[in-house]
Amino acid sequence: MKRIGLLSDTHSFLDKRVFEHFKDVDEIWHAGDIGRLSLTDELEAFKPLRAVYGNIDGQEIRAAHPLDQRFTVEEVKVFMTHIGGYPGRYNRRIYEELTTNTPDLFISGHSHILKVMNDKNLGLLHMNPGACGKVGFHKVRTLLRFTIDGKRIKDLDVIELETRK
């Protein structure tokens, strides 16, 4: 069993409350638009980290983190990228990836809109943790926390950091 902390779209801002909310997780996953490499260094010093770069990330971050990550946790196949869309509205490149090698869990960021939804056509769960940073149109900064237990994804928590004015 693994507890996962998921965030995205920090845009160089790391709220210190992330460390409190993720204190009991086994891994942290960042779905892109990191903003500064020292941010992922901070997260990695705290817990094991998996991250992908986003469209705002420069060469330093792109050299340290890939565009896509495919990995397995417990018995769950995961595919994480920054720009991916969501069920019924996938990015063309991502749709080809998802139909060629379908994961159990597809994670993306970019939209700044928190979404957790099943894709019944592809038989996968999609998660977008929304935006954790302060840049963008979103009003609420969000994180996700969940458990992977064998083949099951369970105990999902939506964490709201604050409402922006």
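Calculation criteria
Residues numbered from 1 in each chain as written. Predicted model: local features only at pLDDT ≥ 70, side-chain atom pairs only at ≥ 80, totals over all residues. Heavy atoms only, no water. Helix = DSSP H or I, 4+ residues; strand = E, 2+ residues; numbered from the N terminus. Rg over C-alpha atoms; globule rule 2.2 N^0.38 Å. Buried < 20%, exposed > 50% of the residue type's maximum accessible area, 1.4 Å probe, protein only. Contact = heavy atoms within 4.5 Å. Areas by Shrake-Rupley, 256 points an atom, 1.4 Å probe, with all protein chains shown as cover. Lys, Arg positive; Asp, Glu negative; His and termini not counted. Charge placed at Lys NZ, Arg CZ, Asp CG, Glu CD. Pairing = 2+ DSSP bridges. Axes fitted to C-alpha atoms, helices over the stretch in contact; angles between N-to-C directions. Salt bridge = Lys/Arg side-chain N within 4 Å of Asp/Glu carboxyl O.

Attention now moves to the overall build of the chain. The secondary structure content of the chain amounts to four helices and 12 strands. The C-alpha atoms of the chain give 15 Å as radius of gyration, which agrees with the globular expectation for 165 residues (15 Å, within 12%). C-alpha extents for the chain along the principal axes are approximately 35 × 35 × 30 Å. Here the chain holds 165 residues, and 48% of them are scored as buried. When contacts within the chain are restricted to residue pairs at least 6 apart in sequence, long-range pairs at least 24 apart make up 51% of them. With the model as given, the accessible surface of the chain reaches about 7,900 Å², and the carbon-plus-sulfur share is 47%. Averaged over its 25 positive side-chain charges, the chain has a centre that lies 5 Å from the centre of its 24 negative ones.

If you trace the backbone, phenylalanine 79 turns up in strand 5 (residues 76-81). Between the alpha carbons of phenylalanine 79 and histidine 11 there is a distance of 22 Å; along the sequence they are 68 residues apart.

The subject of this paragraph is unusual backbone geometry. Even without being a glycine, histidine 11 presents a positive backbone phi close to 50°. Mapped onto the fold, histidine 11 is located in the loop between strand 1 (2-7) and helix 1 (17-21). The residue glutamate 74 is not glycine, and still its phi comes out positive at about 55°. On the secondary structure map, glutamate 74 appears in the loop between strand 4 (68-73) and strand 5. Take glutamate 74: its relative accessible area is 37%, and that puts it in the partly exposed class.

This part is about the sheet that holds strand 9 (residues 114-119). Spatially, 4-5-8-10-9 is the arrangement adopted by the five strands of the open sheet, whose pairing is mixed. Each edge of the open sheet carries a strand with a single partner, namely strand 4 and strand 9. Here the strands of the sheet are splayed against their neighbours by 15° on average, with no regard to which way each runs. The pairing of strand 9 with strand 10 (residues 124-129) spans six bridges and is classified as antiparallel.

Scanning the entire structure with this criterion turns up 12 salt bridges. Taking the shortest distance from any N to any O, the salt bridge between glutamate 42 and lysine 16 comes out at 2.8 Å. Highlighted residues: glutamate 42 in helix 2 (residues 37-46) and lysine 16 in the loop between strand 1 and helix 1, separated in sequence by 26 residues. Relative accessible area serves as the criterion here: at 25%, glutamate 42 is assigned to the partly exposed category. For arginine 36, the salt bridge is made with glutamate 42, and the minimal N-O distance between the two is 3.4 Å. Relative accessible area serves as the criterion here: at 27%, arginine 36 is assigned to the partly exposed category.

Moving on, we get to the pairing of strand 10. Successive side chains on a regular strand alternate, one facing one side of the sheet and the next facing the other. Strand 10 sits mainly inside the fold: six of its six residues count as buried. A two-sided burial pattern is seen for strand 10, the buried positions comprising Leu124, His126 and Asn128 on one face and Leu125, Met127 and Pro129 on the other. Pairing of strand 8 (residues 105-107) with strand 10 involves three bridges; the strand directions are parallel. Across the sheet, the residue bridging to isoleucine 107 is methionine 127, located in strand 10. Taken together, strand 9 and the strand that follows it, strand 10, pair antiparallel across an intervening segment of four residues, in which glycine 123 is found at a positive phi of about 70°.

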